[in-house]
Amino acid sequence: MTLSAALAEQDELSALVRRLRELGAQRLARKVVTVMSAKGGIGKTFVAMELAWLLDAVLVDLDWDDGNASTALGQHHDRFARIPLLDALETEKPPRPKRSGRRPDLVPCHPDFAVNQPDPERLAKLLSRWSQDWNRGVVADTHPGGSDSTLGAVGAADLIVMPVVLGTRELNALEGALRELVGYPILLVPNWIPSTPPAAERRRLRELADRYSVAVGPMISTYGWLRTRKLRTVITAAPTYSRRTTPVVRELTAVAGAVIEHAG
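None of the values given here were measured: they were computed from a predicted structure.

Before going further, it helps to spend a moment on the packing of aromatic side chains. Within this structure, the stated rule accounts for three aromatic pairs. Taken together, a centroid distance of 6.2 Å and an interplanar angle of 40° make the contact between W130 and W134 tilted. Highlighted residues: W130 and W134, both in helix α5 (residues 120-134), separated by four residues, approximately one helical turn. Assessed through its relative accessible area of 0%, W130 is described here as buried. According to the relative accessible area criterion, W134 is buried, its value standing at 18%. Taking NZ or CZ as reference, R227 lies 3.8 Å from the ring centre of W192, over its face. The residue whose ring lies beneath R244 is W225, and the NZ or CZ to ring-centre distance is 4.3 Å.

Next up, the structure:
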């Protein structure tokens, strides 16, 4: 690719990200997108962080483990003077999202949330109320599995985004989750897909989507370097995209477009 072609591609992709953020702010205002998975280790938090930026939404972190979005974005719980999420649960006043440069606005989580989760109905009402008070879209990143907070975020959701890895155990867990969530609006996002996806697992994913009447969105390929990336930012928020990041940014923008289509 020539330099001029590469610069033109950069301009096109940057314009697409700006347009998605405008559309997200308009069409997802006062809506909740919940990112969840039946098991951990499938890239849920990565997808949630990138979607929050691309949709210009507030990222509400409900995952209290150390590998959560808060830590990934540089918000270490041991540095908090106050804990916005727990304060909001106590006072029922909407928390003030933390703003910090090229990262999504964030309501960080804290390990103490594990033993201070509200019941699902109360959390669902709070998430919906916060979204309305902020007049913003919310992307809720959840703890893997079926905790009270995850069930609450599911109850509030205008759309549930479920990253999916094409493996036998992962698809078994997905089937169990879909069985429990019949009737909910769900978008499956195939994640960490190799250049030659396994045919049997692709067929099974399609069969599950058809059986439970859920949508399958654009896929995200395998990028080994993402596992060791240390920058406390989201990829799609970079001022420019390198040859390495351009393909994943294109895939993430396609996923964000599908979220706007299904939730907006």
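On to the pattern of salt bridges. Going through the model one piece at a time under the given rule, you end up with 15 salt bridges. The partner of E22 in a salt bridge is R19, and the shortest N-O contact between them spans 3.3 Å. Of the two residues, E22 and R19 both sit in helix α1 (residues 3-27), three residues apart, roughly one turn of that helix. For E22, a relative accessible area of 40% corresponds to the partly exposed category.

Let us now look at the layout of surface pockets. Taken as a whole, the largest pocket spans an internal volume of roughly 700 Å³. Lining the largest pocket we find 31 residues, and of these T45, F46, M49, G67 and A72 sit closest to its centre. At five residues, helix α2 (residues 44-54) tops the list of elements feeding residues into the lining of the largest pocket. Tallied by class, the residues present in the lining of the largest pocket amount to 12 nonpolar, nine polar and 10 charged.

Each value, and the rule that gives it
Residues numbered from 1 in each chain as written. Predicted model: local features only at pLDDT ≥ 70, side-chain atom pairs only at ≥ 80, totals over all residues. Heavy atoms only, no water. Phe/Tyr/Trp six-rings, centres within 6.5 Å; stacked < 30°, edge-to-face > 60°. Helix = DSSP H or I, 4+ residues; strand = E, 2+ residues; numbered from the N terminus. Buried < 20%, exposed > 50% of the residue type's maximum accessible area, 1.4 Å probe, protein only. Lys NZ or Arg CZ within 6 Å of the ring centre and 35° of its normal. Salt bridge = Lys/Arg side-chain N within 4 Å of Asp/Glu carboxyl O. 1 Å grid on protein atoms, 1.4 Å probe; cavity = no way out; pocket = protein on both sides within 12 Å on 5 of 7 lines; lining within 4 Å. Points joined across faces, edges and corners; volume = space filled by probe spheres on them. Nonpolar A, V, L, I, M, F, W, Y, C, P; charged D, E, K, R; others polar.

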